[in-house]
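Chain residues, written in single-letter form:
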Amino acid sequence: QLQASGGGLVQAGGSLRLSCTTSGRTFSLYAMAWFRQAPGKEREFVAGIKLNGGSTYYPDSVKGRFTISRDNAKNTVYLQVNSLKPEDTAVYYCAATQQLTTWGLDREFKYWGQGTQVTVSS
């Protein structure tokens, strides 16, 4: 089970830290990621992390502004989002998987959180 939190309303240029806490069979997880979905748009990959080793992956659209990290002791993955823009407005979802072939594809992830809304005002 995944529980996402930390979203909210922020002005352009601001920052937020999103959290995703896992429960259950967390020892079997291989990687976690954050996706986002804006109204009328497809779900978009924004960050990923391997839980063993901590390697991270980002699309070019957010590289340098978004940072994913994990605290294995707390079974929590974070997404620090900085220099927010109105186009970052979306529902942000965390996801987890026990195996992974390709980053960026939502079909690679079996477990999903409920989403947390991020709204950036101009």
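The coordinates are above.
Values in this document were obtained by computation on a predicted structure and should not be read as measured data. (Residues numbered from 1 in each chain as written. Predicted model: local features only at pLDDT ≥ 70, side-chain atom pairs only at ≥ 80, totals over all residues. Heavy atoms only, no water.)

With that settled, consider the side chain of R36. Take R36: it is sitting in strand β4 (residues 31-37). Owing to a relative accessible area of 8%, R36 belongs among the buried residues under this scheme. A polar atom in the side chain of R36 sits 3.0 Å from the side chain of Y92. (Helix = DSSP H or I, 4+ residues; strand = E, 2+ residues; numbered from the N terminus. Buried < 20%, exposed > 50% of the residue type's maximum accessible area, 1.4 Å probe, protein only. Polar contact = N/O pair within 3.5 Å; in protein donor to acceptor, adjacent residues only side chain to side chain.)

It is worth spelling out the pairing of strand β11 (residues 116-121) at this point. Where burial is concerned, the two faces of β11 differ: the one with T116, V118 and V120 is buried and the one with Q117, T119 and S121 is not. Across 4 bridges, strand β2 (residues 8-11) lies against β11 in parallel orientation. Within β11, the residue paired with G8 across the bridge is V118. Across 3 bridges, the pairing between strand β9 (residues 90-97) and β11 is antiparallel. Directly across from Y92, in β11, lies its bridge partner T116. (Pairing = 2+ DSSP bridges.)

What follows is about the packing of aromatic side chains. Within a pair of aromatic rings, the relevant descriptors are the distance that separates the centres and the angle that separates the planes. In total, this model carries 6 aromatic pairs according to the counting rule given. Considering the side-chain rings of F35 and W112, the 5.1 Å spacing of their centres and the 50 degrees angle between planes classify their relative orientation as tilted. With a gap of 77 residues between them, F35 in strand β4 and W112 in strand β10 (residues 111-112) connect regions that are remote in the sequence. Taken together, the ring pairs connect F35, F45, Y57, W103, F109 and W112 into an aromatic cluster. In this structure, R17 packs its charged tip against the face of Y78, placed 4.1 Å from the ring centre. Looking at R43, its charged tip hangs above the ring of W112, at a distance of 4.0 Å from the centre. (Phe/Tyr/Trp six-rings, centres within 6.5 Å; stacked < 30°, edge-to-face > 60°. Lys NZ or Arg CZ within 6 Å of the ring centre and 35° of its normal.)

This part is about the state of the cysteines. Overall, the coordinates contain 1 disulfide when judged by the stated rule. Here C20 engages in a disulfide with C94; their sulfurs sit 2.1 Å apart. Handedness here is read from the sign of the S-S torsion; for C20 and C94, about 65 degrees, the answer is right-handed. Of the two residues, C20 sits in strand β3 (residues 16-22) while C94 sits in strand β9, which places them 74 residues apart along the sequence. Accessibility classification places C20 together with C94 in one group, the buried group. (Disulfide = S-S within 2.5 Å.)

Right, let's talk about the pairing of strand β7 (residues 66-71) for a bit. One ladder, built from 6 bridges, connects β7 with strand β8 (residues 76-81); its direction is antiparallel. In the sheet register, F66 faces β8, and the bridge partner there is V81. Between β7 and β8, which pair antiparallel in sequence order, lie 4 residues; one of them, N75, sits at a positive phi of approximately 50 degrees.

According to the stated counting rule, one finds 5 salt bridges in the structure shown. Note that R36 is salt-bridged to E44, the shortest N-O span being 2.8 Å. The residue D60 makes a salt bridge to K63 at a minimum N-O spacing of 3.3 Å. Pair check on accessibility: D60 and K63 agree, each one exposed. (Salt bridge = Lys/Arg side-chain N within 4 Å of Asp/Glu carboxyl O.)

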